[in-house]
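Inside the fold
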Amino acid sequence: MDAEVLIIGAGPAGLAVAGALVQRGVTPLVIEQADAVASSWRNHYERLHLHTVKSHSALPGVPFPSSYPRYVPRQALVDYLADYAQRHRIEPRLGEEAAAIARIDGGWQVATRAGMRYTARRVVLATGANCEPRVPAIAGRAGYRGRVLHSRDYRNAAPFIGQRVLVVGMGNTGAEIALDLVEQGVQAALSVRSPVNIVHRDVLGRPTQLTSILLAKLPAAWGDAIATMFRKLTVGDLSPWGLQTAAVSPLRQLREHGKTPVIDVGTLARIKRGEIKVHPGIDRFTPDGLRFVDGSEQAFDAVILATGYAPTLQRLFPGLALTLDRHGAPADVIGQGASAGLCFVGFDIRQPGGVLRTIHAQALRVADALAQPSADRSRPRQTTATT
Ligand SMILES: Cc1cc2nc3c(=O)[nH]c(=O)nc-3n(C[C@H](O)[C@H](O)[C@H](O)COP(=O)(O)OP(=O)(O)OC[C@H]3O[C@@H](n4cnc5c(N)ncnc54)[C@H](O)[C@@H]3O)c2cc1C
């Protein structure tokens, strides 16, 4: 059959693989469900900056411009990604959502929702670990008179001026949205049900990301002990403000649970000043607000669910049970056995130093594998569905 490389998704991971392939003389076909590259970053909340330093966040072969700050702002990242695509002449077929992928003789067939079918010898899945919002079922929601939205739909504080807003969940997104709200004068609170691991983004001018990369190179027990001591010295006990600290080190939490520590960019100071109140977990909605598990109740005009995302990869393979780890991420970057010919980039969120750094490394590995001389480099075949 035709030898082809088809990449699904034109976010950082898909562009990184496509760029690395072009740098090796291979032209892949890229399909993307949205109407532009980097769609997730176009839609994130406006104040977002990368939490990872630019030297560890760029795609293969193209460093960020020297004029960019150490922590790249969202729009500048979008511009960089669009430029990266243009430079490598990556022109994804936009509005093409892969709906089902099945093995065919010697390769894979990808059916899109719009009715196209692509056959490819190798398919790179780069559809992102943050695809589907996770929305917890909270009792009493139907009777609540306020507005409820997922953090994915939050852009800025403007619609919430003059309101009382509860942000549910204190991952990086929840912490930063609460900060964004109070910076604009909105009365914001957080609901935090579990112990958290919080680190400052920089300590004495040094990015904590770089420290975590170094510590991850030590034997795990040493790295964990030093990371815990570092957290104790720099962040300390937060229980007076309603925050319990995780029993495990930030490194271990990332490694074993795929949970990135909260990289603080100012939320903690606001909590300590009493500007962001921390509530425990939620028991249920009341008509005007929420009741928390400690029995307290408070009125809120809006509730923002910063409750993360669920993995959706398996759904694309109705006829194949992917080998996934307990977090729902593919066990291998380069598929083996029944998944041979598939590559998975951007799903391992447990490596120290950030997902973009992982994407960079995985993209190089996948591009090296796909650019082997044996690979047939013709363009994918594309047909219109007949059924
Ligand atoms: C708020 C936020 C902040 C982050 N900050 C950092 C940071 O500072 N540093 C860091 O290293 N990492 C960060 N990350 C993590 C990670 O780097 C980003 O999520 C990054 O965008 C991942 O790139 P990706 O290409 O894997 O996924 P995405 O950016 O989600 O791109 C996936 C693309 O695939 C497309 N797609 C999905 N399904 C289909 C389909 N079925 N058919 C066709 N197209 C499809 C989507 O439309 C999208 O364009 C952050 C994540 C979030 C959510």
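No experiment lies behind these values; they were computed from the predicted model shown.

1. Quick notes on the pattern of salt bridges
Here the structure, examined in full by the defined rule, presents 18 salt bridges. The shortest N-O distance in the salt bridge between Arg 47 and Asp 180 comes to 3.4 Å. On the criterion of sequence distance, the pair formed by Arg 47 in the loop between helix H2 (39-43) and helix H3 (74-87) and Asp 180 in helix H4 (residues 172-183) is long-range, its members being 133 residues apart. Note that Arg 291 is salt-bridged to Asp 283, the shortest N-O span being 3.6 Å. Put simply, Arg 47, Glu 176, Asp 180 and Glu 183 are held in one network by salt bridges that share partners.

2. Here's the deal with the site of the ligand
In the vicinity of the ligand lie 28 residues, with Glu 32, Ser 40, Trp 41, His 51 and Leu 356 positioned nearest. At a separation of 2.8 Å, a nitrogen atom of the ligand approaches a polar side-chain atom of Thr 52. Here the ligand, which alone exposes 980 Å², has 90% of that area covered by the protein. Those elements that provide at least two residues to the shell around the ligand are helix H1 (12-23), H2 and helix H9 (355-370). Classifying every residue of the shell around the ligand by side-chain character gives twelve nonpolar, 13 polar and three charged.

3. Observations concerning the side chain of Ser 249
Within the element layout of this structure, Ser 249 appears in the loop between helix H6 (220-234) and helix H7 (250-257). With a relative accessible area of 3%, Ser 249 lands in the buried category. Looking at Ser 249, its side chain comes within polar contact range of the side chain of Asp 224, at 3.0 Å. Look past the residues within four positions of Ser 249 in its chain and what remains in contact with it is Asn 197, Asp 224, Ala 227, Thr 228 and Arg 231.

4. Some points on unusual backbone geometry
For Ala 38, which is not glycine, the phi torsion reads 60° and is therefore positive. With a phi close to 50°, Leu 204 is a non-glycine residue in the positive phi region. Structurally, the position occupied by Leu 204 is in the loop between strand E13 (202-203) and strand E14 (206-207). Since its relative accessible area comes to 87%, Leu 204 is described here as exposed.

5. Brief notes about the sheet that holds strand E11 (residues 187-191)
Pairing is parallel across the open sheet formed by five strands, whose spatial order is E9-E20-E10-E11-E16. The sheet is open, and its two borders are formed by strand E9 (147-150) and strand E16 (277-279), each paired with just one other strand. On average, each strand axis in the sheet is tilted by 25° relative to the strand beside it, whichever way the strands run. Relative to strand E20 (residues 302-305), E9 runs parallel, the two being bridged by four bridges. Bridging from a neighbouring strand, Arg 147 pairs with Ala 302 of E20.

6. Regarding the packing of aromatic side chains
Applying the stated criterion to the full structure yields eight aromatic pairs. Measuring from centroid to centroid gives 4.2 Å for Phe 64 and Tyr 80, while their planes differ by 40°, and the two rings are tilted. Of this pair, Phe 64 sits in the loop between H2 and H3 while Tyr 80 is found in helix H3, placing the two residues 16 residues apart along the sequence. In this pair, the class of Phe 64 matches that of Tyr 80, namely buried. Each ring, one from Tyr 80 and one from Tyr 84, has its centre 6.2 Å from the other, and the planes form 40°; the classification is tilted. Of this pair, Tyr 80 and Tyr 84 both sit in helix H3, separated by four residues, roughly a single helical turn. There is no split in this pair, since Tyr 80 and Tyr 84 are both buried. Cluster of aromatic residues (ring-pair linked, three or more members): Phe 64, Tyr 68, Tyr 80 and Tyr 84. In this structure, Arg 201 packs its charged tip against the face of Tyr 71, placed 3.7 Å from the ring centre. The aromatic ring of Trp 241 is capped on one face by Lys 272, whose charged end is 5.2 Å from the ring centroid.

7. Observations regarding helix H5 (residues 208-215)
By the criterion of burial, H5 is predominantly enclosed, with six of the eight residues buried. Among the residues of H5, Thr 208, Gln 209, Thr 211, Ser 212, Ile 213 and Leu 215 are the ones counted as buried. Those residues of H5 that are buried lie in contact with strand E12 (198-200), E13, E14, H6, H7 and H9.

8. Comments concerning the sheet that holds strand E18 (residues 289-292)
Paired through their backbone hydrogen bonds, the strands of a sheet run either parallel or antiparallel. If you trace the three strands from one edge of the open sheet to the other, you get E17-E18-E19, paired in antiparallel fashion. Taken across any chain shown, the strands that pair with only one partner, and hence form the sheet edges, are strand E17 (282-285) and strand E19 (297-299). Adjacent strand axes in the sheet meet at a mean angle of 25°, parallel and antiparallel pairs treated alike. Of the strand pairs in this sheet, E17 and E18 are connected by three bridges, and their pairing is antiparallel.

Reading guide: rules and limits
- Sequence order as written defines the numbering, with residues in each chain counted from 1.
- Local features in this predicted model are restricted to residues whose pLDDT is 70 or higher, and side-chain atom pairs enter the listing and the counts only when it is 80 or higher, whereas totals over whole chains, interfaces and linings include all residues.
- The basis for every side-chain value is the complete set of heavy atoms in the structure, and neither hydrogens nor water enter the calculation.
- By convention in these notes, a salt bridge is any Lys or Arg side-chain nitrogen within 4 Å of a carboxyl oxygen on Asp or Glu.
- Secondary structure elements follow DSSP: runs of H or I no shorter than four residues count as helices, runs of E no shorter than two count as strands, and numbering proceeds from the N terminus.
- Working definition: residue near molecule or strand if any one of its non-hydrogen atoms lies within 4 Å of it.
- Any N or O atom pair separated by 3.5 Å or less is treated as a polar contact, with the protein-specific requirement of one donor-capable and one acceptor-capable atom, and with residues adjacent in sequence counted only for side-chain atom pairs.
- All accessible-area figures derive from a Shrake-Rupley calculation using a 1.4 Å probe, and residue coverage is judged against the displayed protein chains alone.
- Gly is put with the polar residues, along with every residue not named as nonpolar or charged; the nonpolar set is Ala, Val, Leu, Ile, Met, Phe, Trp, Tyr, Cys and Pro, and the charged set is Asp, Glu, Lys and Arg.
- Throughout, exposure labels follow a simple rule: accessible area from a 1.4 Å probe, protein chains only, divided by the maximum for the residue type, with under 20% read as buried, over 50% as exposed, and the rest as partly exposed.
- For this analysis, residues touch if any pair of their heavy atoms sits within 4.5 Å.
- By the convention used here, strands pair only if DSSP detects at least 2 bridges between them.
- Fitting a line to C-alpha atoms yields each axis, with helices limited to the stretch in contact; the angle taken between N-to-C directions then spans 0 to 180 degrees.
- Centre distance within 6.5 Å is the pairing criterion for rings of Phe, Tyr and Trp, where only the six-membered ring of Trp is used; planes under 30 degrees apart are then read as stacked, over 60 as edge-to-face, and the remainder as tilted.
- For a lysine, the NZ atom is tested; for an arginine, the CZ atom; a charge sits over a ring if that atom is within 6 Å of the ring centre and within 35 degrees of the ring normal.

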